[in-house]
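Close look at the chain arrangement
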Amino acid sequence: MSIQPILEVEDFSKTFMLHEQGKELPSSHSVFLKAYPGRLTALIGPTGAGKSTVLKGIYRTYLPTSGRMMFTTKQGQLTDLATADEHQILELRKEEIGFVTQFLHTLPRQSTEDVVAMPLIKKGVSRDLALEKAREILGQLNLPERLWAVSPATFSGGEKQRVNLARGLLAQPRLLLLDEPTASLDPKTTDRVVELINNLKQTGTAMIAIFHDMDLVERLADDVVELAPPIGTENFFNSDTNEVATP
Amino acid sequence: MSNEKVLEVRNLSKVYGKGCAKCFESTGPEHNTNICPHCGSIVAAHDISFDLYKGEILGIMGESGSGKSTAVKNLFFDEMPTSGQATFFDDGKQYDLFSLNAQQKRHLRNHRFGMVYQNPVLGLNFNVSAGGNIAERLLMSNLTNYSEIRERAIELLHRTEVLTERMDEMPKNFSGGMQQRVQIAKALATNPPLLFLDEVTTGLDLSVQAAILDLIMEIQRENKTAMIAVTHDLGVIRLLAGRTIVMKYGRIIETGLTDQILEDPQDAYTQRLVASAL
């Protein structure tokens, strides 16, 4: 028996309507992809192909213009993330779908370990246990211990990225979205991240990740989806790919 | 958040003035006014509908005069709506808010709802001490034992970081931020499942704002209190609210997940509002 996808994105498109400028900005066009438990689907393609837009669409930070995103919940219920009730999306974000973005937005008065532990605390894990687990994963990601009790506000790009990853991986969601998770990490830390992502795969987490580094795609991806910029916008980005996204 | 509904509001409208048959069709964002050109009445809110769940903070955002406070004032019985329904779900019971009698309304206000106003003068009794303000609210509920009341007041002031040494002082001696903390302590006195926050940090120093917002988030996490936060401040919305309603000229023009409203606003007005953030 073949494994069933946890998420099936069908013909996803997103066009931004900028009212003030009276402009339409196409971002993603007709994207198809699937994510499977315990597997990683890599999203590749040139800048401007709408890769991040797809992830934000799945997380519902962006409202899709068209298409379906069929997600199978823990209870086995099939839900279209494009149209699901907002309360259900909030619940799924808390319990089942995680997102590691390229940027870390935290309050300057929140310590790094608190930032990492927060998703667990919100899930109902005791504060002490959540902090213990946070410290464990921060250690695994080579973040120096002297930084754990201070806010990540003044951290370097690579340090912030590790905090972001620690938080996303620790929550152990059923579906994890990763937007260039290792973009500003050194080779040694990247190896650690590869190891942690593979460990998380073993637990059954499905992942969709954006990579620019083909070496990482080789090491981590089980499936690869290549996106091309929406028709009519290719020239904006001097892209030489004209391939249509294939599942 | 759980899936327990705390509040259901349907088609709430509030008109100041005598009103006429053309009020609603001649006001709103498409007419750029909330003043009826036929009778001069003000349509402060029209056709407001939303749901609120346990542990959720719903943001209501809009400029001055958009009607965002009106909705909250009606739900807290400070005013009566012109039309519409609201149902409050509490402990397996349902209350049709706008058909309750005065005593039932008073009961909900005193026991089950909390309100924090922008202006502490509205939420606090300035003729009694900070501790007395909290005691007042506890007396209206079932607590009557003096030492128990005092103990609970100390606990609440401690929680909201008001120096308990100052609990016998009058609120007028306090700074704005401290008055706001006393107001929050008072609102929380009866552990209400529903809390209304009307521009609670507007006009306070940034450091004081941060502390008050942290306190509100902590309360949400620990007590699973459902809250409606009315504000014109995008930062407050971003920090507190999971979902956000955008209002203009008394109407809801957009509603969605807060990150979606801020990153992918659909309406031209919301796009302008978000673009003007500092």
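Please read all numbers here as calculations on a predicted model, not as lab measurements. (Residues numbered from 1 in each chain as written. Chains lettered and ligands numbered in written order. Predicted model: local features only at pLDDT ≥ 70, side-chain atom pairs only at ≥ 80, totals over all residues.)

On to the overall build of chain A, then. Scanning chain A for helices and strands turns up seven helices and nine strands. Expressed along its principal axes, the backbone C-alpha trace of chain A runs to roughly 50 × 45 × 40 Å. When burial is assessed residue by residue, chain A has 39% of its 247 residues classed as buried. (Helix = DSSP H or I, 4+ residues; strand = E, 2+ residues; numbered from the N terminus. Buried ≥ 20, exposed ≤ 12 C-beta atoms within 10 Å, placed from the backbone.)

This paragraph deals with the pairing of strand β10 (residues 251–257) of chain B. Residues and elements named next belong to chain B. A large share of β10 lies buried, amounting to six of its seven residues. As paired elements, strand β9 (residues 243–248) and β10 share six bridges and run antiparallel to each other. Opposite Ile245, over in β10, you have Thr255 as the bridge partner. Connecting β9 to the antiparallel partner β10 that follows it, the hairpin turn spans two residues, and Tyr249 within it adopts a positive phi of roughly 45°. (Pairing = 2+ DSSP bridges.)

This brings us to the sheet that holds strand β9 (residues 223–226) of chain A. Residue and element names in this part refer to chain A. Spatially, β6-β7-β8-β3-β9 is the arrangement adopted by the five strands of the open sheet, whose pairing is parallel. With one partner strand each, in any of the chains shown, β6 (97–100) and β9 form the two edges of the open sheet. Shown here is a sheet whose adjacent strand axes are inclined to one another by a mean of 15°, direction ignored. Here four bridges tie strand β3 (residues 40–44) to strand β8 (residues 206–210), and the two strands are oriented parallel to one another. When the sheet's bridge partners are listed, Leu43 is paired in β8 with Ile210. (Axes fitted to C-alpha atoms, helices over the stretch in contact; angles between N-to-C directions.)

This part takes up unusual backbone geometry. One non-glycine residue, Glu180(A), adopts positive backbone phi at about 45°. Residue position: Glu180(A) is located in the loop between β7 (175–179) and α6 (187–202). The residue Glu199(B) is not glycine, and still its phi comes out positive at about 50°. Along the chain, Glu199(B) falls in the loop between β7 (194–198) and α7 (206–223).

All names here are of chain B. Taken together, the four bridges between strand β4 (residues 83–90) and strand β5 (residues 93–96) define a ladder with antiparallel strand orientation. When the sheet's bridge partners are listed, Phe89 is paired in β5 with Gln94. Between β4 and β5, which pair antiparallel and follow one another directly, the connecting turn spans two residues, one of which, Asp91, has a positive phi of 55°.

Take the environment of Leu129(A) next. All names here are of chain A. Note on placement: Leu129 falls in helix α4 (residues 127–140). Take Leu129: there are 12 C-beta atoms within 10 Å of it, and that puts it in the exposed class. Between the alpha carbons of Leu129 and Ala117 there is a distance of 8.9 Å; along the sequence they are twelve residues apart.

Attention now moves to the confidence of the model for chain B. In the predicted model, chain B carries a mean pLDDT of 92, and the fraction of residues at 70 or more is 99%. Here the prediction assigns the complex a pTM of 0.90, and the interface score ipTM is 0.88. (pLDDT = per-residue confidence, 0-100.)

All names here are of chain B. Within helix α1 (residues 68–75), eight of the eight residues are buried, which leaves the element mostly enclosed by the surrounding structure. Residues Lys68, Ser69, Thr70, Ala71, Val72, Lys73, Asn74 and Leu75 constitute the buried set of α1. Immediately beyond the C-terminal end of α1, within one or two residues, lies Phe77, with a positive phi of roughly 70°.

This next bit is on the packing of helix α3 (residues 112–123) of chain A against helix α5 (residues 157–170) of chain A. Residues and elements named next belong to chain A. For the pair α3 and α5, the least separation of the axes is 8 Å and the interaxial angle reads 25°. In terms of their interaxial angle, α3 and α5 are classed as roughly parallel. Considering how the two elements wind past one another, α3 and α5 form a crossing that is right-handed. For the pair formed by α3 and α5, the contact residues are Thr112, Val115, Val116, Pro119 and Leu120 on the first element and Val163, Ala166, Arg167 and Leu170 on the second. Across the contact of α3 with α5, the residue classes break down as seven nonpolar, one polar and one charged. (Parallel < 35°, antiparallel > 145°, perpendicular 65-115°, else oblique. Left-handed = near helix turned anticlockwise from the far one by under 90°. Contact = placed C-beta atoms within 7 Å. Nonpolar A, V, L, I, M, F, W, Y, C, P; charged D, E, K, R; others polar.)

A general feature of soluble globular proteins is that nonpolar side chains tend to end up buried together. In this structure, Leu197(B) and Ile228(B) are the most contacted members of the largest nonpolar core, which totals 132 residues. If you count residues domain by domain, this core takes at least three from each of domain 1 (1–96 + 175–247) and domain 2 (104–172) of chain A. If sequence neighbours within four positions are ignored, Leu197(B) has contacts with Val116(B), Ile216(B), Met227(B), Ile228(B), Ala229(B) and Val230(B). (Core = buried A, V, L, I, M, F, W, Y, C linked by C-beta atoms within 7 Å. Domains from an automatic or database assignment.)

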